[in-house]
Amino acid sequence: MNFESIVAKIQRHPRLSSGAFIIVFAIGMLLWPVGPLFPVDYSRVVYDHNGALLRVTCAQDDQIRFRPDTAELPKKYVTALTAIEDKRFFKHPGVDPLALAAALISNIRAGTTIRGGSTIPMQIIRLAHPRPRTYASKIIECIAAIRLTLQTSKKEQIKLYAAHAPMGGNVVGIRAASYYYFGKTLEELTWSEAALFTVLPNNPSLMNMHKKRAELKAKRNRALAILRQRGHIDSLTCALASAESLPRPQSQIPFEAPHFAEHALSLCKAHELHTTLDKSMQHTVECIVGRFTHRYRRYGVHNCAALIIDTRTNEVKAYVGSNSYRDTVHAGRVDGVTALRSSGSLLKPLLVARALDRGPWVLQSQLQDIPSFYGTFAPSNASEEFQGIVTIKQMLVQSLNVPAVRLLYEYGQPAFYHDLQQAGISSLFRSAGGYGLSLILGGAEVSLWEMCRTFCALGNNGIIKTTSMLQQLTSGNAGPGADSLLLCSPGAAWMVSSALSKLKRPESERYWRLLPNRVRVAWKTGTSYGQKDAWAIGVNAQWTIGVWTGNFSGEGNAFLGGAVTAGPVLFSLFRALTDPTQQTWSAMPEYDLKRINVCASTGYPPGPNCPKTTPALQPANAWKTSQCRWHRSFHLDRSTGYEVCSKCWKGIERIDTCMLIYPAPAAEILRARGRAAPLLPPHNPTCTAVRSHAQSVVIEYPVNGISIFVPRDIHGKHQRIVAKASSTTAGTLFWYLDGRFAGETREHHTPAFTCAAGMHKLSAFTMQGDGAQVKFKVAVK
């Protein structure tokens with residue numbers, strides 16, 4: 001008999017046709033997909049890298065509800081649940097006829113509903129679709145429970161129930177309840193706790209941890225007695241479990257690393273976030289930060305932030321946005337790791353790294369440290385003193401401002417601004433011209449997050465990798481690519497790190513080299529203008545650590561300083577976290593460095609007049625070159641020491657020599673500090689030729705083209721303008737103001753003039769006729 005004949009036979013018998021339709025309809029109803037029973041509305045949960053809970057948020061309906069877990073439920077809970085709520089759970093098809101019959105008989109005898117007879121699948125249906133407690137509702141639940149049983153496994157049903165059973169208050173599900181009431185994972189549940197979570201969903205609004213606690217405990221103990229009667233636990237276990245008290249009604253859910261958790265939640269919309277944070281290390285860092293902040297409060301410094309990154313993997317291991325999240329008086333909820341603050345001197349190592357990669361600079365190359373004016377911008381060192389000439393290494397180690405600005409000017413401020421953008425510094429919201437040369441001295445706004453990410457490149461061969469907070473997004477081991485940026489070459493990174501490791505440490509770390517477990521660290525401090533921000537960032541082969549101290553209110557404080565307040569915190573963290581038995585410093589990348597000869601005096605590629613050279617390291621791909629600019633050759637009269645030329649050396653015994661002649665302002669400062677700085681030999685006074693050598697007089701102030709506002713003194717008189725000049729020759733300078741002789745100076749060339757409002761011309765000349773002149777404008781009131 002084929003299918004067509006069966007259909008024809010059914011059509012000839014109407015009753016048979018109706019019965020078949022009912023059967024097919026019933027089967028279709030039972031096999032029709034149940035579909036999602038519960039909306040995807042769960043709490044967002046943040047874990048550390050070991051799976052320890054850090055933070056739980058409420059779901060959209062303000063319930064604490066964990067997403068169903070794929071892991072197995074604890075055997076104790078499954079045993080207690082099936083023994084007490086549904087003892088034939090593993091045998092019935094979703095509905096237990098015996099339980100329903102017993103419940104019906106009990107309710108008829110009592111004249112009211114005292115038992116429900118619901119199975120676990122029926123309770124799942126009721127949780128998913130609440131209905132009035134009527135017999136019609138019970139029938140619908142029975143049908144839906146059978147459908148659910150036909151389409152899902154018993155394990156899936158228990159997990160569904162365990163994830164959505166109400167546990168009192170706004171706590172839903174056994175995982176949420178375990179953390180909320182006991183502060184632990186499901187794997188740690190005892191028999192007492194398993195029994196409690198079995199009976200708690202029966203009527204959680206009337207009997208819970210807040211109300212009728214005695215009745216709830218008695219109900220739990222009755223459940224334990226059932227477990228003993230059915231042989232699941234012995235008498236001793238039952239007695240001990242019954243003696244346990246109920247948990248406190250207050251939440252035991254952890255609230256760890258709040259700023260980190262909020263940052264991580266903003267990066268990913270998943271319900272469960274497995275992060276890179278180390279909870280134990282976080283506690284250590286919080287303790288150290290709290291200890292120092294407590295000490296600083298007496299000086300009016302109330303806030304501190306710290307970030308710990310694993311240099312090898314670029315994973316965040318500890319993250320302290322502020323020393324106290326709950327400190328509402330001092331804005332403790334502000335995240336100091338991502339907040340934008342003035343960079344202070346933090347960008348100087350980045351400029352040096354880029355300059356080394358370009359050339360001709362090496363760490364021994366000298367820069368002028370003299371009063372400098374760039375229009376109206378006149379940088380000064382923190383000490384308010386000048387050294388005349390310093391090396392790039394000295395500039396880094398001493399964090400000198402004036403040489404750093406001079407290096408930026410020579411390197412090119414727009415080029416360095418572009419380098420910072422290419423390195424991923426996204427906080428630069430102004431144009432290059434908007435920052436100007438102050439970019440290198442704190443004119444830029446940066447965050448602790450971006451600075452740590454950038455400094456981490458010094459320990460990673462100059463490569464800025466993605467800084468990871470989430471394990472599912474970790475790419476720290478990736479090489480250069482879409483998630484990596486190039487800060488500098490490996491050679492430049494190693495050279496800068498080596499220089500920064502020579503920085504003088506805070507007083508508590510003065511004798512660190514004598515300690516058996518000494519830790520080498522390349523570190524840099526920064527203090528913003530007005531002493532509003534104090535930074536310290538360090539890096540070695542294990543950790544990159546950044547510390548910011550200050551006040552979130554933006555209030556300045558004379559106590560604040562990178563080395564004074566942030567530095568001690570930084571080195572306390574390095575001591576606590578670094579493992580001295582493991583590698584702490586990267587090996588020199590010889591493949592990316594070349595040895596060149598430079599002038600022994602100035603540190604630049606030697607010119608024809610440089611008498612001595614010395615070896616120096618330079619990145620292998622440095623391309624720009626130049627020659628030493630300060631060694632010059634002279635023809636001298638042996639008897640008088642005057643410089644002579646072809647116009648005047650006839651009949652004179654001359655000698656040829658090379659001399660190191662620094663610019664006049666630098667030479668004057670060097671001599672004032674007791675350092676040798678040869679004077680430019682005066683030209684033969686009888687020579688009538690025009691001098692061809694470089695200018696020997698420099699007027700340092702006023703700067704040519706400057707506008708000067710002259711204030712009044714306490715007596716109402718206009719103050720005088722103090723000029724300053726320097727000369728590479730010994731002797732007197734003769735000053736002229738607007739073409740009229742105004743005086744002469746010897747040794748210290750700082751005359752003072754009274755000037756009316758308007759344009760003026762100031763000139764200074766030596767006895768030999770060398771000179772300089774500037775024009776400036778004066779405004780008075």
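Look up a bit, the structure's there.
Residues numbered from 1 in each chain as written. Predicted model: local features only at pLDDT ≥ 70, side-chain atom pairs only at ≥ 80, totals over all residues. Heavy atoms only, no water.

### Let's talk about the packing of aromatic side chains
In total, this model carries 17 aromatic pairs according to the counting rule given. For the ring pair Tyr319 and Trp449, a centre distance of 6.4 Å and an interplane angle of 55° mean the geometry is tilted. With a gap of 130 residues between them, Tyr319 in strand 7 (residues 315-320) and Trp449 in helix 19 (residues 448-455) connect regions that are remote in the sequence. Note on Tyr319: relative accessible area 1%, which makes it buried. Three or more aromatic residues joined by ring pairs make a cluster, and in this case those are Phe292, Tyr296, Tyr299 and Phe559. Of note, Lys154 hangs over the ring of Phe89, and the distance from its end group to the ring centre comes to 4.6 Å. (Phe/Tyr/Trp six-rings, centres within 6.5 Å; stacked < 30°, edge-to-face > 60°. Helix = DSSP H or I, 4+ residues; strand = E, 2+ residues; numbered from the N terminus. Buried < 20%, exposed > 50% of the residue type's maximum accessible area, 1.4 Å probe, protein only. Lys NZ or Arg CZ within 6 Å of the ring centre and 35° of its normal.)

### Points about a nonpolar patch on the surface
The grouping of Tyr736, Phe741 and Phe765 at the surface amounts to a nonpolar patch, some 270 Å² of accessible area in total. Relative accessible area serves as the criterion here: at 30%, Tyr736 is assigned to the partly exposed category. (Patch = residues over 30% accessible without salt bridge, like charges linked within 9 Å, V, L, I, M, F, W, Y side chains within 5 Å. Areas by Shrake-Rupley, 256 points an atom, 1.4 Å probe, with all protein chains shown as cover. Salt bridge = Lys/Arg side-chain N within 4 Å of Asp/Glu carboxyl O.)

### Observations concerning the pattern of salt bridges
Here the structure, examined in full by the defined rule, presents 17 salt bridges. We note a salt bridge from Glu272 to Arg175, for which the minimum N-O separation is 3.3 Å. Of this pair, Glu272 sits in strand 5 (residues 272-274) while Arg175 sits in helix 8 (residues 174-182), placing them 97 residues apart in sequence. You can call Glu272 partly exposed: its relative accessible area is 24%. Assessed through its relative accessible area of 13%, Arg175 is described here as buried. A salt bridge links Arg638 to Glu653, with the nearest nitrogen and oxygen atoms 2.9 Å apart. With a gap of 15 residues between them, Arg638 in the loop between strand 19 (631-637) and strand 20 (654-660) and Glu653 in the loop between strand 19 and strand 20 connect regions that are remote in the sequence. Glu653 shares its class with Arg638; the two are exposed. Overlapping salt bridges bring together Glu668, Glu700 and Lys724 as one network.

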